[in-house]
Amino acid sequence: MKKLMIALAIVALASVAQAELLATWTMAAGGSASATENGTVNMDQVTFGDLTRTGLNIASTAAGTFASNGFGDAGPNYVSFLVTLNAGYQITGASINSTSINGSNTGPGTVQWQLNGSDVGASLTRTSSAVNAWNASIGTIGPGANTLAIVQVGTANVTGGATSTGGSFRIQNLTMSGDVTSVPEPATMGLLGLGALAMVLRRKMSK
């Protein structure tokens with residue numbers, strides 16, 4: 001029994017990995033280009049897309065900035081990119097980080113990351129046109145094509161409190177961290193479950 005528990009502990013520890021830098025985005029002339037960190041484990045199992053705008057205009061073509069104008073206008077508008085993983089692989093402990101988020105005084109006021117349409121991580125409420133850092137925990141990204149998007153969830157202007165109409169949003173220094181791991185097979189999960197059950201039974205029998 002003791003040997004079984006040790007073996008299960010080794011399996012559990014092996015599945016825990018330290019987060020690695022997975023991708024960075026560079027900005028130039030209003031566009032975006034993603035670059036993967038090829039030295040990371042299983043990087044060949046995932047691809048990252050460039051930042052794109054939906055329902056938004058280009059607010060600026062300044063070097064090093066991905067800018068979008070039109071947040072708060074009618075209709076869906078967001079900035080997004082694709083994360084595509086091969087079958088049997090996932091990203092665990094994913095997080096998105098930026099040391100520079102900026103925008104206009106007319107909004108957007110509060111923005112949120114969404115993974116496939118569901119809110120993830122902490123939102124960012126801008127209280128001025130000053131530069132803000134935005135670090136958001138995404139969690140697990142599964143196999144297949146996944147969309148990560150920045151959407152406006154608070155429509156108040158940064159100044160004045162009126163409804164945001166056409167505010168601009170600028171991104172710099174965007175990176176993603178996490179670990180590309182294989183999806184646990186049902187047999188492995190069952191083995192871990194049996195080990196936990198055996199531990200509980202052993203404790204009861206020892207009393």
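Going along each chain's sequence as written, the residues are numbered from 1 onward. Totals for whole chains, interfaces and linings use all residues, but because this is a predicted model, local features are given only for residues with pLDDT of at least 70 and pairs of side-chain atoms are given and counted only at 80 or more. Where side-chain values are given, they derive from all heavy atoms of the structure, hydrogens and water being excluded.

**Considerations on the packing of aromatic side chains**
What counts as a ring pair is set by centres within 6.5 Å for rings of Phe, Tyr and Trp (its six-membered ring), and what kind of pair is set by the plane angle: stacked under 30 degrees, edge-to-face over 60, tilted for all other angles. This structure, assessed with the given rule, holds five aromatic pairs. Each ring, one from F81 and one from W113, has its centre 6.0 Å from the other, and the planes form 80 degrees; the classification is edge-to-face. Here F81 is found in strand β6 (residues 78–85), whereas its partner W113 is found in strand β8 (residues 110–115), with 32 residues between them in sequence. Each member of the pair, F81 as well as W113, carries the same accessibility label: buried. Here a strand is any run of E in DSSP of at least two residues, a helix any run of H or I of at least four, and the numbering for each starts at the N terminus. Each residue is assigned to one of three classes by its accessible area relative to the maximum for its type, calculated with a 1.4 Å probe on protein chains only: buried under 20%, partly exposed between the two thresholds, exposed over 50%.

**A look at the pairing of strand β9 (residues 118–125)**
Where a strand is regular, its side chains alternate between the two sheet faces. The pairing of β8 with β9 spans five bridges and is antiparallel. If you follow L115 over to β9, its bridge partner there is S118. Pairing between two strands is assigned when DSSP locates at least 2 bridges connecting them. Between the end of β8 and the start of β9, which pair antiparallel, lie two residues, with N116 showing a positive phi angle near 50 degrees.

**What about the environment of N97?**
Looking at the secondary structure, you find N97 in strand β7 (residues 89–103). Spatially, the C-alpha atoms of N97 and N135 are 4.4 Å apart, while their sequence positions differ by 38 residues. For N97, the residues in contact, after removing those within four places along its chain, are W134, N135, N173, L174, T175 and S177. Whether two residues are in contact is decided by their heavy atoms: any pair within 4.5 Å suffices.

**A few points about the side chain of N146**
Relative to the helices and strands, N146 resides in strand β11 (residues 144–154). For N146, a relative accessible area of 5% translates into the label buried. Here a polar contact is taken to be a pair of N or O atoms separated by no more than 3.5 Å, where protein atoms must pair a possible hydrogen donor with a possible acceptor and residues adjacent in sequence count only if both atoms sit in side chains. Of the polar contacts made by the side chain of N146, one reaches the side chain of N116; its length is 3.0 Å. A polar contact is formed between the side chain of N146 and the backbone oxygen of G144, at a distance of 3.0 Å. Each residue touching N146, except ones within four places of it in the same chain, is listed here: F81, L82, V83, L85, L115, N116 and I141.

Keep in mind these values describe shape, not function.
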